[in-house]
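# What the coordinates show
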Amino acid sequence: MKELIEKLTEAYGPSGREEQIREIIRAEVESFVDEIRVDTMGNLIALKKGTGQGKKVMLAAHMDEIGLIISHVDEEGFLRAQRIGGVDTMTLTGGRVQFADGTVGVIAPEKRPEFRKDPDLSKLYIDIGATSRAEAADRLGQVVGFVRPFADMGQRVVSKAMDDRIGCTVLVETLRGLEGSPHDVYFVFTVQEEVGLRGAQTGAFGVDPDIGIAVDVTIAADTPEAYKMAMKLGDGPCIKVKDGRMLAHSGLKDLMIETAEANEIPYQLEVLAWGSTDAAAMQLSRGGVPAGCVSIACRYVHSPSEMVDIGDVENAVRLLLAMLAEPIEV
Amino acid sequence: MLLEKLSNAFGPSGSEDEVRRLLARAVHDKVDELQTDALGNLIAFKRGTGAEPRMKVMVDAHTDEVGLMITRIEKNGLLGFRALGGVDARLLMAKGVIVGEKRLPGVITAPPIHLTEREQRSKVLKINQLVIDIGASSEDEAKKLVKLGEVATFDTKFEVLDEGGLRTVKGKAFDDRMGCAVAVALAEGEYAVDLYLSFSTQEEVGLRGARVAAYRIEPDLGFALEGTICDDMPKKEDVSPTTELGKGPAISVMDRTFVADQRLVRLLIDQAKANGIPYQFKQPGAGGTDAGAIHLSKAGVPSVAVSVPSRYIHSPVSIASLNDFENTVALMKAALSALPGAWS
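Model, not experiment: these values are computed from the prediction.

Residue-level pLDDT values for chain B average 95, and 100% of them are 70 or greater. Across the interfaces of the predicted complex, the ipTM metric reaches 0.84, alongside a pTM of 0.91.

Another point: the interface of chain A and chain B. Contact residues are listed per partner, giving 26 residues for chain A and 23 residues for chain B. Both faces considered, chain A and chain B share a buried interface measuring about 1,800 Å² in area, 58% of it formed by carbon and sulfur atoms. For the chain A face of the interface with chain B, the top three residues by lost area are Thr40(A), Arg198(A) and Phe205(A), together amounting to 29%. Where chain A touches chain B, the interface holds zero salt bridges.

Residue and element names in this part refer to chain A. An order of β1-β2-β12-β3-β13-β16-β14-β15 is seen for the eight strands of this open sheet, with the pairing classed as mixed. Two strands bound the open sheet, and with one partner strand each, they are β1 (35-38) and β15 (268-271). Strand-to-strand, the axes of this sheet are offset by a mean angle of 25°, without reference to chain direction. Against the sheet, helix α2 (residues 19-29) engages β1, β2 (44-48) and β12 (184-190), with an angle of about 175° to β1. Each of β1, β2, β3 (56-62) and β12 is contacted by helix α6 (residues 198-207), which is oriented at about 160° to β3, the strand it contacts most.

Moving on, we get to the packing of aromatic side chains. Any aromatic ring pair is given by two values, namely how distant the centres are and how the planes are angled relative to each other. All names here are of chain A. With the rule as written, the count across this model stands at five aromatic pairs over all chains. Taken together, a centroid distance of 5.0 Å and an interplanar angle of 75° make the contact between Tyr 227 and Trp 274 edge-to-face. Highlighted residues: Tyr 227 in the loop between β13 (211-219) and β14 (238-242) and Trp 274 in the loop between β15 and α8 (278-283), separated in sequence by 47 residues. Sitting above the plane of the Phe 99 ring, Arg 139 keeps its charged end 4.5 Å from the centroid.

Cut-offs used in this document
Residues numbered from 1 in each chain as written. Chains lettered and ligands numbered in written order. Predicted model: local features only at pLDDT ≥ 70, side-chain atom pairs only at ≥ 80, totals over all residues. Heavy atoms only, no water. pLDDT = per-residue confidence, 0-100. Contact = heavy atoms within 4.5 Å. Buried area = accessible area lost by both parts, 1.4 Å probe. Salt bridge = Lys/Arg side-chain N within 4 Å of Asp/Glu carboxyl O. Pairing = 2+ DSSP bridges. Helix = DSSP H or I, 4+ residues; strand = E, 2+ residues; numbered from the N terminus. Axes fitted to C-alpha atoms, helices over the stretch in contact; angles between N-to-C directions. Phe/Tyr/Trp six-rings, centres within 6.5 Å; stacked < 30°, edge-to-face > 60°. Lys NZ or Arg CZ within 6 Å of the ring centre and 35° of its normal.

Below, the structure is given as structure tokens:
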């Protein structure tokens, strides 16, 4: 599983440019599914049919990551950028970015003391080694992702884009392990979550599920002086109760808890003070969909070094497989 | 010029009737069907010449403009108001406005300079500190002329500034009567695809008309036409303006409301190059368009936005270039004519 996490997290895929991630996932799952298609927004939708009498279940994990979009090329060939998703400029200086074609750039501040006082994106530039405007002119409007290698710390792993390639990994592993479920399970790898849950909104309309479950990261609050929340690395997958944009369907949440307890799978409850997931978009699709979320506690979310516990990831897969093996009544 | 009539027309969000009537008259003999939906969107359908099943293309321009809504009538007959859409309070003092169903001329009040202390002159009054004077002498008299909830727009007449060069024109509401005028010009062409021109309401208060129009039309592709931000004033630093006057239609790559479909951006660039039409990118990030609503309709619609650069939008007066306007028409005609073949 670590190999898959490494492959997925190191690949390029800011919001709107998820095609490389989509191809990696397609190759991983194609031989295990009954149907696979890409919808108009670019969501990858893989169906594993059930044995009958079950529900239509949509599992969603987003393929996109936060990034930057080039908004200006100056006389000397330096680039300026705007945000794609919730980028914290404090994490950027000295870092590198990557274009879809593999070109690398360095992010640097104009003047360090001023940037420390006011860490505004307008004070940062990207240097791709160009020496003139002409050499870099075609970069305008192009999108960059951040660069940081995967690191295996044993029980814990670190990389950029754990948000939400770790959710993609959970879906891929669940899909491969799924046998004899009564449910038609739609594994939906969504686009544009980081800019407003947009892929999940149209994906859910297209799939029209009975039940929606997102798999995403949540904020681990187990670091020094962290905001007071309950989520910890290694305590098991988080069953979402509430976040910034949704209250999880209580019946579905209770079913997740009962399933975890019956199968002796460790779990923790998640009440997240801000942020949200694709589940919030699924919940409001058409006439409404009972929706919930299984989250992986993650440290340093929206930085190039996001850390998760591998046991939480494995237990999230176990929890989903256990739920999908039984009838779902909420 | 249709653009002149459209610019002069009264149409704050939710009160787009006058604009809709003008547009219906302008397109009714060029299209196959014309309908107005529950939110006041005017949808003009032009059947394609290609074989069935034909691709459905929605081309959207919004009919509303930013404006003011009367929310209070004071004892002395002055009218308090709130903003409808993104109105900058700094631009309001002492501006002429047209108010309500009766189209009454009025002025937003301002204390005269003679009576204003020096430090007050550098301060901006908030919208709730401003009132409109329609010359009524009492609350009763004002109430005979205006009801709460009626709306107002700026009293600005369209003018041609320059016959040569950039062929600049001046007027209000170029956001988005520019887009409306482009859409009307598109009705004159013949296309292989089914074309739905949606003249949408309530964009300035949250892309509301386009949302329901797209739901009804169920398009395969969406184009939003706009009069967009243009800040090409001289700057000290080496920074890109959002758009520049005279540099052609501005293609959106990303804004607050959507990420443009890469294939449609490519289609527009290819058609611009093939037909020698100038184009520019709109700076990513700022603003939003009806494409934000269209692309999320039902199971998703690949969408893009194309804009006529317009200086000083969301103010009482804008300046734009007829060259940019005509190049936007030319680019959109080329793009529509290339469909469905150019879409993969």
